Amino acid sequence: MSDLTLILLAAGNSSRFKVPVKKQWLRIGHDPLWLYVTNRIKEHLPDAAVILSAHPDEIPFIASMCDFTVVSGGATRQQSLKNALKEVKTPYVMVTDIARACIDPDLIQRLLESKERADTIVPALDVHDTVAYKEETIEREQVKRIQTPQLSRTDILRRALDTDTEYTDESSAIVACGGTRHFVPGDARAAKITHASDITALECLAAPSPYLFTGNGFDVHPFEEGKPMVLGGVEVESSYGFKAHSDGDVAIHALIDALLGAACLGDIGMLFPDTDESYKNIDSKLLLQRCVEKLHHFGFVILHADITIIAQAPKIAPYKETMRHTLSSLLHIPPARLNVKATTTEHLGFIGRKEGVGVLATASVHYFDWKNG
Ligand SMILES: C[C@@](CO)(OP(=O)(O)O)[C@H](O)COP(=O)(O)OP(=O)(O)OC[C@H]1O[C@@H](n2ccc(N)nc2=O)[C@H](O)[C@@H]1O
């Protein structure tokens, strides 16, 4: 086992990254950026343990895609790093930001070769422009543009971060508490992805896979007297509604499961447990909105959906168009990409006996195409 642990900081909120997907969830081929960067570095540190710091809401999905240790990030980069350091058991730690995607093996090698030369080994670039600091021009030969990954002695880094002062990199904290720092040549290709334009400029990143992903959903709800019927996001004229914890919109529930299935994000009951009082009588259109936000957050774009309502009654035909427009707008797709069908069971089974309604749904998604917009 290596004497080194690799920490990847992936809990940032991408506030300066103005595209509808957090940079960590942009796909490189099929891999989210966080997985691509981790695998790219780990390839050269095969025996190193890996610790990822991520937003708590993202940990279940990350854990379903890898077997790395994942810890909750904090409010700041430094807090996220401290959370990750709690899990480190090796004398050395290499810390890098997911935002630096194109880390070259030679850079990793330069860090490893200098491991014993100081408490922290830091890649840095010289500055060739004139540098002004407020009204002064400063000696650019003394200026370094610091990068990550940085390779540090774990105990010294832990001690250096035991402070209320926030640092933007490990070496600054280590130097501030009297530790030693050794610079190695950095790499311009290890530039940080800060703005959307930064990612398209990075040659090492392949476009997202153009694959389409399809999911299916199925739900059933019995009828219940004395409740309004809401189906497909639309009030349907009826003397009964659906027995359910929510408003019982069985068409939206099946559609949610189809969307979650397409993105491999589980199912509706995991997202909105029917034991949670906050969903009591909730308008299922709100559940659908949250489901769509979740797919966008994780880098998926909804392409199409098809819904089959299986009901002996009520008659669905008069409501189909309104359902299509209501649901397509919630999915942020044109109405022409959302289809609503209805069929009876020819009086067979519980649906034929008018005890309830079943709905089948299919949805298709693809990755957000950051390369071609
Ligand atoms: C929409 C909501 C809102 O609260 O309730 P309703 O309004 O339908 O009652 C729920 O999300 C509606 O969730 P739904 O998934 O349809 O409920 P159930 O069929 O009871 O399943 C709840 C959870 O139990 C799990 N489950 C279900 C059946 C089964 N044999 N084993 C399971 O482990 C499912 O994975 C699901 O996550």
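Just so we're clear, the structure is a prediction, and the values are computed from it rather than from any experiment. (Residues numbered from 1 in each chain as written. Predicted model: local features only at pLDDT ≥ 70, side-chain atom pairs only at ≥ 80, totals over all residues. Heavy atoms only, no water.)

1. Topic: the overall build of the protein
Assigned secondary structure in the protein consists of 12 helices and 19 strands. Here the protein has a C-alpha radius of gyration of 26 Å; the compact-globule value for 373 residues is 21 Å, and the former is much larger. Burial statistics for the protein: of 373 residues in total, 53% are counted as buried. Taking as baseline every contact in the protein between residues at least 6 positions apart, the subset at least 24 positions apart corresponds to 72%. (Helix = DSSP H or I, 4+ residues; strand = E, 2+ residues; numbered from the N terminus. Rg over C-alpha atoms; globule rule 2.2 N^0.38 Å. Buried < 20%, exposed > 50% of the residue type's maximum accessible area, 1.4 Å probe, protein only. Contact = heavy atoms within 4.5 Å.)

2. What about the UniProt feature "binding site: a divalent metal cation" (unreviewed entry) in the protein?
The UniProt record annotates "binding site: a divalent metal cation" (unreviewed entry) at Asp219, His221 and His253. Of the residues just listed, which span 35 residues, no C-alpha pair is farther apart than 10.0 Å, and they cluster in one region. Within the element layout of this structure, His221 appears in strand β13 (residues 212-225). For His221, the residues in contact, after removing those within four places along its chain, are Phe242, Lys243, Ala244, Gly248, Val250, His253, Gly356 and Val357. Polar side-chain contacts of His221 include one of 3.3 Å to the side chain of His253. Summarising the element assignment, His253 is placed in helix α8 (residues 250-262). In this structure His253 comes out as buried when scored by relative accessible area, which is 5%. (UniProt positions renumbered as here; feature names shortened; annotations may be inferred. Polar contact = N/O pair within 3.5 Å; in protein donor to acceptor, adjacent residues only side chain to side chain.)

3. Focus: the packing of helix α10 (residues 284-297) against helix α11 (residues 320-331)
Viewed as axis vectors pointing N to C, α10 and α11 meet at an angle of 35°, and their least axial separation amounts to 9 Å. Contact residues: α10 offers Lys285, Leu288, Gln289 and Val292, while α11 offers Thr326, Leu327, Leu330 and Leu331. In terms of residue class, the contact of α10 with α11 is built from five nonpolar, two polar and one charged. (Axes fitted to C-alpha atoms, helices over the stretch in contact; angles between N-to-C directions. Nonpolar A, V, L, I, M, F, W, Y, C, P; charged D, E, K, R; others polar.)

4. Some thoughts on the UniProt feature "site: Positions MEP for the nucleophilic attack" (unreviewed entry) in the protein
Following the UniProt record, one finds the feature "site: Positions MEP for the nucleophilic attack" (unreviewed entry) at Arg140 and Lys192. Its place among the elements puts Arg140 in the loop between β9 (136-138) and β10 (144-146). Beyond its immediate sequence surroundings of up to four residues, Arg140 is in contact with Val127, His128, Asp129, Thr130 and Val131. With sequence-adjacent residues up to four places away left out, Lys192 is seen in contact with Ala99, Arg100 and Asp198.

5. Some remarks on the domain arrangement of the protein
Along its sequence, the protein is organised into domain 1 (4-199) and domain 2 (212-367). Counting residues at the interface gives 10 residues for domain 1, matched by 10 residues for domain 2. Approximately 780 Å² of surface area, both sides summed, lies buried where domain 1 meets domain 2, with 64% of it carried by carbon and sulfur atoms. Of all residues in domain 1, Arg27, His30 and Phe61 bury the most surface against domain 2, accounting for 56% of the area lost on that side. At the surface where domain 1 touches domain 2, the tally comes to three residue pairs in polar contact (both at pLDDT 80 or more). (Domains from an automatic or database assignment. Buried area = accessible area lost by both parts, 1.4 Å probe.)

6. What to know about the pattern of salt bridges
Under the defined criterion, the tally for this structure stands at 13 salt bridges. Taking the shortest distance from any N to any O, the salt bridge between Asp306 and Lys341 comes out at 2.3 Å. Here Lys341 lies in strand β18 (residues 338-343) and Asp306 lies in strand β17 (residues 300-310), a separation of 35 residues in the sequence. (Salt bridge = Lys/Arg side-chain N within 4 Å of Asp/Glu carboxyl O.)

7. Here we look at a nonpolar patch on the surface
A cluster of nonpolar side chains, namely Phe218, Val220, Phe350 and Leu360, defines an oily patch on the protein surface of about 340 Å² accessible area. Here Phe350 is to be found in helix α12 (residues 349-352). On the accessibility criterion, Phe350 (34% relative accessible area) is partly exposed. (Patch = residues over 30% accessible without salt bridge, like charges linked within 9 Å, V, L, I, M, F, W, Y side chains within 5 Å. Areas by Shrake-Rupley, 256 points an atom, 1.4 Å probe, with all protein chains shown as cover.)

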